[in-house]
Each structure stands twice: as structure tokens, then as C-alpha cells.
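# Breakdown of the fold
Chain by chain, the residues run as shown.
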Amino acid sequence: VEGLVAAFLWRYPEIATSVLRPVSTLGHAVHNAVGRYLAMPMVPTILGFNPMMQFLHEEDLAEAILLALEHRLRGIFNVDGPGAVPIKRAIREMGRQRVSIPDPIAHLLIRTLFNLNIYAFPAGAVDFLKYPCTVNGSRFREATGFRPRHPLGEIFATMRSAEDEQ
């Protein structure tokens, strides 16, 4: 889809078209794979890996969208959050227990659990747990003045409170 939007962006320069690429967004109204992963009672990680991950509060994403509209942005922009944190810390901040699994076993275990409809993520998700990407949102910040209002601790607290309400 992004390729189609990019083609449109260059074909019709008179129309302000922007693509926002936000980092993993968390919040009350967001239901995505990363949120489900961090909400698991026992969160699997890959033994020997503790990659940095970035998160953004849903309200900050809404603000970013409004800023893109107000500034009539044209182009493709990364939208990052208040910083990066090791995945093990994110799991701890969520109040969850971590289970480290050796890589070869993780692929087999997750594929089996996914096929049995016990686990919500395909085996390909293992690579995301090992090698998530981090992005630089400075171009978007420079173009709009965007600054996330919610620090990482508040993002995780929002997720924990959303679970308590359910």
C-alpha cells in the first residue's frame, strides 16, 4: 500500500500527501500485535537477545496525524516516540514475566502453538523479536515541531490500566 501511496505522491504533487510510519503504538484503543505480545502473562523472548524497541502513545500518534494535516506535509516520515528501551525492560514495565527460549526451539514452539491456535503470532515473529528496527523521527519533528508528550513509563502505565479496565 505504501508503494501505491508513494506513486500517488509523486504523480500528483499539488495534493499534500504524506505517509507516516509510526513506531509501535500502544494505548487503550490500540489493538495490535506488539500490544498483545506485551500483554501476555508469560512473554517469550529469544535467549541472548535484548533488542532496543521504540513505543509511542496513541494520543501522541493522533497529535502527529493532526500536525501532518496542519502542515500539509508531502512525503514519507518516520514518527518516533520518547526513546528506545530494551525489550526486557518493556516486559518488566508491563509487569510481565519473561521466558527466554533458545532460537531454534522458539521457531518450532511458536509455529506449533500458532498452528494449534494457542499463540497469536506466526513463527516469523521470532525474527522481529530478535531484530526489530528503530527509526529516526527527526525529519518529522523538524517539519512539524512534534514532540511526544507521553514518556515511556506513562505509555506502559496506560497499557497496564487498559488491562485493569477489561
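In case you missed it, the structure is sitting above this.
What this report covers is the structure whose coordinates are included nearby. (Residues numbered from 1 in each chain as written. Predicted model: local features only at pLDDT ≥ 70, side-chain atom pairs only at ≥ 80, totals over all residues. Heavy atoms only, no water.)

## A closer look at the overall build of the protein chain
Our working rule: Strands here mean DSSP runs of E at least two residues long; helices mean DSSP runs of H or I at least four residues long; both are numbered from the N terminus. Contact definition: two residues touch when any of their heavy atoms are within 4.5 Å. The accessible surface values rely on the Shrake-Rupley method and a 1.4 Å probe; as for residues, cover is taken only from the protein chains in view. Counting rule applied: Lys, Arg positive; Asp, Glu negative; His and chain ends not counted. In plain terms, the charge of a residue is placed at NZ if it is Lys, CZ if Arg, CG if Asp and CD if Glu.
Per the secondary structure count, the protein chain includes eight helices and seven strands. In terms of overall dimensions, the protein chain has a C-alpha envelope of 50 × 30 × 30 Å along the principal axes. Long-range contacts, defined as pairs at least 24 residues apart, comprise 83% of the intrachain contacts of the protein chain with a sequence gap of at least 6. As displayed, the protein chain offers around 9300 Å² of accessible surface, 58% of which is attributable to carbon and sulfur atoms. Here the protein chain contributes 17 positively and 16 negatively charged side chains, and the mean placements of these two sets differ by 7 Å.

## Some thoughts on helix α5 (residues 103-115)
Residues spaced three or four apart along an α-helix face the same direction, because each turn holds 3.6 residues. The criterion, for reference: To estimate how far a helix should reach, multiply one less than its number of residues by 1.5 Å.
Taking 1.5 Å as the rise per residue, α5 with 13 residues should run 18 Å; its terminal C-alpha atoms sit 18 Å apart, in good agreement. Of the residues flanking the end of α5, it is N117, one or two places downstream, whose phi is positive at about 60°.

## Let's talk about the packing of aromatic side chains
The condition that has to hold: Here the aromatic set is Phe, Tyr and Trp, taking the six-membered ring for Trp, and pairing holds for ring centres within 6.5 Å; pairs whose planes are under 30 degrees apart are stacked, those over 60 apart are edge-to-face, and all others are tilted. Here's how the labels work: a residue is buried when its accessible area is under 20% of the maximum for its type, exposed when over 50%, partly exposed in between, all with a 1.4 Å probe on protein chains only. In our convention, an over-ring charge means Lys NZ or Arg CZ found within 6 Å of a ring centre and within 35 degrees of that ring's normal.
Under the defined criterion, the tally for this structure stands at five aromatic pairs. Here the aromatic rings of F8 and Y12 are separated by 4.9 Å at their centres, their planes lie at 40°, and the arrangement is tilted. We classify F8 as partly exposed; its relative accessible area is 34%. Their ring planes at 85° and their centres at 5.7 Å tell us that F49 and Y131 sit as a pair that is edge-to-face. With F49 in the loop between β3 (42-46) and β4 (52-57) and Y131 in the loop between α6 (125-130) and α7 (138-144), the pair connects residues that are 82 residues apart, well separated along the chain. Its relative accessible area of 24% is what places F49 among the partly exposed residues. Given a relative accessible area of 54%, Y131 falls into the exposed group. Clustering of aromatic rings is evident, with ring pairs tying together F77, F140 and F146. Above the face of the F77 ring, R139 is positioned so that its terminal group lies 4.1 Å from the ring centre.

## Some words on the side chain of E58
Worth spelling out the cut-off: Salt bridges are defined as contacts in which a side-chain nitrogen from Lys or Arg sits within 4 Å of a carboxyl oxygen from Asp or Glu. Residues adjacent in sequence count toward polar contacts only when both atoms are side-chain atoms; beyond that, a polar contact is any pair of N or O atoms within 3.5 Å, and within protein one must be able to donate a hydrogen and the other to accept it.
Inspection of the secondary structure assignment puts E58 in helix α3 (residues 58-70). Salt bridges are absent for the buried E58, whose nearest opposite-charge side chain, R149, sits at 10 Å. Only 3.0 Å separates the side chain of E58 from the backbone nitrogen of H28, close enough to count as a polar contact.

## Some words on the side chain of T144
If you trace the backbone, T144 turns up in helix α7. Among the residues examined, T144 registers a relative accessible area of 9% and is labelled buried. A polar side-chain atom of T144 sits 2.8 Å from the main-chain carbonyl oxygen of F140. Those residues in contact with T144 that sit more than four places away from it in its chain are L67, H71 and L73.

## Concerning the sheet that holds β4
Definition in use: In this scheme, strands are said to pair when DSSP sees at least two bridges between them. To get an axis, fit a line to the C-alpha atoms, keeping to the stretch in contact for a helix; angles then go from 0 to 180 degrees between the N-to-C directions.
Taking strand neighbours across the sheet as the criterion, the three strands line up as β2-β4-β6 in an open arrangement whose pairing is mixed. Only two strands of the sheet have a single partner each, and these edge strands are β2 (24-26) and β6 (84-86). With strand direction ignored, the average angle separating the axes of adjacent strands in the sheet is 50°. As defined by bridge partners, β4 adjoins β6 across three bridges and the pair is classed as antiparallel. The residue bridging Q54 from the neighbouring strand is A84, located in β6. On the sheet, α3 packs against β2 and β4 and is oriented at approximately 70° with respect to β4.

Don't take any of this as a statement about function, it's just geometry.
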